[in-house]
Amino acid sequence: MHYQPIERAPGAFQEPLSVEAIKRISARAFGATSRVESVAELPWGSYNSAYRIDLASADTVVLRVAPAPERQFRVERSLLRNEYAAAPHLAPLGDLLPRSLFADFTRQVINRDYLMQTLLPGVPAPEGMRRYERSQWSAFFRQVGGVTRRLHEVRGPGFGFVAGPWFETWSAALIDYFRTAAGDIADAGQDAYDVHELAATTERLRGELDEITEPRLLHGDGWTANFLVDPATPDLTLTGICDWDRARWGDPMADWAIQRALLRPGSERDTFWDGYGQPRTVASGVRQLIYQARFLVELRLDYIRNAMADEIASSYDDVGHILGRLRSS
């Protein structure tokens, strides 16, 4: 069996599976007589690990593996289970989604959750877009806007991760996030004073947040690398959507795809709003600042996880700037 893992430094967050572990996983998913011909680790994402597996049956599947439980922050615990729970709610996206073939959360074969999914066609958008003139990128962002709108039309039963826990109000879900993230940051040996202040500020301003009364489905991680495109068509064509493990019920304006679309007004990203079906829209002042702060905290956790000292340090300035504006609100 040919096995091509990604070379990583010792102690890196993403831990490669052994050949024997992959064979045991394949046997559990497809039967003892299944045979793996080749495995290649995919360089997509920085949290779950992903592998392309070619089977002797001529089928090609993707294996997605969560980090070991002891390596997960509490605020990110069991994200792969959340992805599995969210899949039926993403039905409006149809064949843009991989199909789940097998899920194992028993941690008997390996001490990690894993999913087997079908392989979608295409390549990650950042790779595919390099093959086109920048003037052609607008077609991609228009399609992203369209699929984001389809997700946001799905209503939920409460606020929070799709797999739970759910909260009765949007503010309660955000306060819980900040408090839990502050604990994770402190446990990692970093100062969490600013995230505790974000929790307190969110509680003080909960009235404005709770103007959002209807939970909608958010992808939660809709940056360009989680969209696949066909690199050979005359125009950029969306072929798939991946990695919705952070899917949650909340305010559509808080979704990562919306926040990314707001980054560069006057650029090709503006066509996102054409696909979304409304003019470029920013959440009300307080809500927008809290959403920006939440993503900065999420990024800090990623920096901590990957020992990115300079980025960790700069994140305190970024959060501090937002807190300064919130204090006067």
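Residues numbered from 1 in each chain as written. Predicted model: local features only at pLDDT ≥ 70, side-chain atom pairs only at ≥ 80, totals over all residues. Heavy atoms only, no water.

Notes on the pattern of salt bridges
According to the stated counting rule, one finds 27 salt bridges in the structure shown. Note that Arg155 is salt-bridged to Glu214, the shortest N-O span being 2.8 Å. Here Arg155, found in the loop between helix H4 (137-152) and strand E8 (160-161), pairs with Glu214, found in the loop between helix H7 (206-209) and strand E9 (216-218); they are 59 residues apart in sequence, far enough to count as distant. We note a salt bridge from Glu298 to Arg246, for which the minimum N-O separation is 3.8 Å. You can see Glu298 sitting in helix H10 (residues 285-305) and its partner Arg246 sitting in the loop between strand E11 (237-241) and strand E12 (248-250), a full 52 residues away along the chain. On the basis of relative accessible area, Glu298 is assigned to the buried category, the value being 12%. Given the relative accessible area of 9%, Arg246 is considered buried. (Salt bridge = Lys/Arg side-chain N within 4 Å of Asp/Glu carboxyl O. Helix = DSSP H or I, 4+ residues; strand = E, 2+ residues; numbered from the N terminus. Buried < 20%, exposed > 50% of the residue type's maximum accessible area, 1.4 Å probe, protein only.)

A word on the environment of Ile22
Mapped onto the elements of the fold, Ile22 is located in helix H1 (residues 19-30). Ile22 gets classed as buried once you look at its relative accessible area, which sits at 0%. Between the C-alpha atoms of Ile22 and Ile110, which are 88 residues apart in sequence, the distance is 9.4 Å.

Topic: the packing of helix H5 (residues 170-187) against helix H6 (residues 193-204)
As a packed pair, H5 and H6 sit with axes 8 Å apart at the nearest point and diverge in direction by 165°. In terms of axis orientation, H5 runs roughly antiparallel to H6. For the pair H5 and H6, the crossing hand works out as left-handed. For the pair H5 and H6, the contacting residues are Ser171, Leu174, Ile175, Phe178, Arg179, Ala181, Ala182 and Ile185 in the first and Val195, His196, Leu198, Ala199, Thr202 and Glu203 in the second. Of the residues that constitute the contact of H5 with H6, the class distribution is nine nonpolar, three polar and two charged. (Axes fitted to C-alpha atoms, helices over the stretch in contact; angles between N-to-C directions. Parallel < 35°, antiparallel > 145°, perpendicular 65-115°, else oblique. Left-handed = near helix turned anticlockwise from the far one by under 90°. Contact = heavy atoms within 4.5 Å. Nonpolar A, V, L, I, M, F, W, Y, C, P; charged D, E, K, R; others polar.)

Here we look at the sheet that holds E11
Pairing in this open sheet of three strands is antiparallel, and the strands run E7-E10-E11 from one edge to the other. Edge strands, defined here as strands with exactly one partner in the open sheet, are strand E7 (123-124) and E11. By the bridge criterion, two bridges tie E7 to strand E10 (residues 227-230) in an arrangement that is antiparallel. Bridge assignment links Pro124 to a residue of E10, and that residue is Leu228. Against the sheet, H4 contacts E10 and E11, and its axis sits at roughly 40° relative to E11. (Pairing = 2+ DSSP bridges.)

Remarks on the packing of aromatic side chains
Under the criterion given, the structure shown has 13 aromatic pairs. With a centroid separation of 6.1 Å and 15° between ring planes, the pair formed by Tyr193 and Tyr316 is classed as stacked. Linking Tyr193 in helix H6 with Tyr316 in helix H11 (residues 309-327), this pair joins segments that are 123 residues apart in sequence. Overall, Tyr193 belongs to the partly exposed group, its relative accessible area being 48%. Relative to Tyr276, the ring of Trp273 has its centre 6.0 Å away and its plane inclined at 80°; by these criteria the two rings are edge-to-face. Pair noted here: Trp273 and Tyr276 are both in helix H9 (residues 271-276), with a separation of three residues, about one helical turn. A residue is classified by how much of its surface remains accessible, and Tyr276, at 4% relative accessible area, is buried. Three or more aromatic residues joined by ring pairs make a cluster, and in this case those are Phe140, Phe141 and Phe227. The positively charged end of Arg149 is found above the aromatic ring belonging to Tyr276, 5.1 Å away from the centroid. Its guanidinium or amino end placed over the ring of Tyr47, Arg246 lies 5.5 Å from that ring's centre, counting from NZ or CZ. (Phe/Tyr/Trp six-rings, centres within 6.5 Å; stacked < 30°, edge-to-face > 60°. Lys NZ or Arg CZ within 6 Å of the ring centre and 35° of its normal.)

Quick look at the packing of H10 against H11
As a packed pair, H10 and H11 sit with axes 10 Å apart at the nearest point and diverge in direction by 165°. One finds that H10 runs roughly antiparallel with respect to H11. Every pair of crossing elements has a handedness; the one defined by H10 and H11 is left-handed. Seen from H10, the contacting residues are Val286, Leu289, Ile290, Gln292, Ala293, Leu296, Arg300, Tyr303 and Ile304; seen from H11, they are Glu311, Ile312, Ser315, Tyr316, Asp318, Val319, Ile322, Arg325 and Leu326.

Some remarks on the sheet that holds strand E6 (residues 114-118)
The strand order across the open sheet formed by six strands is E1-E2-E3-E4-E6-E5, and the pairing between neighbours is mixed. Here the strands that pair on one side only, and so sit at the sheet edges, are strand E1 (2-4) and strand E5 (100-104). Averaged over all pairs of adjacent strands, the angle between strand axes in this sheet comes to 20°, irrespective of strand direction. On top of the sheet, H1 reaches E1, strand E2 (36-42), strand E3 (49-55), strand E4 (60-65), E5 and E6; it is set at about 65° to E6, its chief contact. The sheet contacts of helix H2 (residues 79-86) involve E4, E5 and E6, and relative to E6 the element is tilted by about 40°.

A short note on the environment of Leu326
Relative to the assigned elements, Leu326 resides in helix H11. According to the relative accessible area criterion, Leu326 is buried, its value standing at 1%. Taking the C-alpha atoms as reference points, Leu326 and Thr213, 113 residues apart in sequence, are found 22 Å from one another. With residues up to four places along the chain from it excluded, the contact list for Leu326 reads Leu198, Thr201, Arg204, Leu205, Val286, Leu289 and Ile290.

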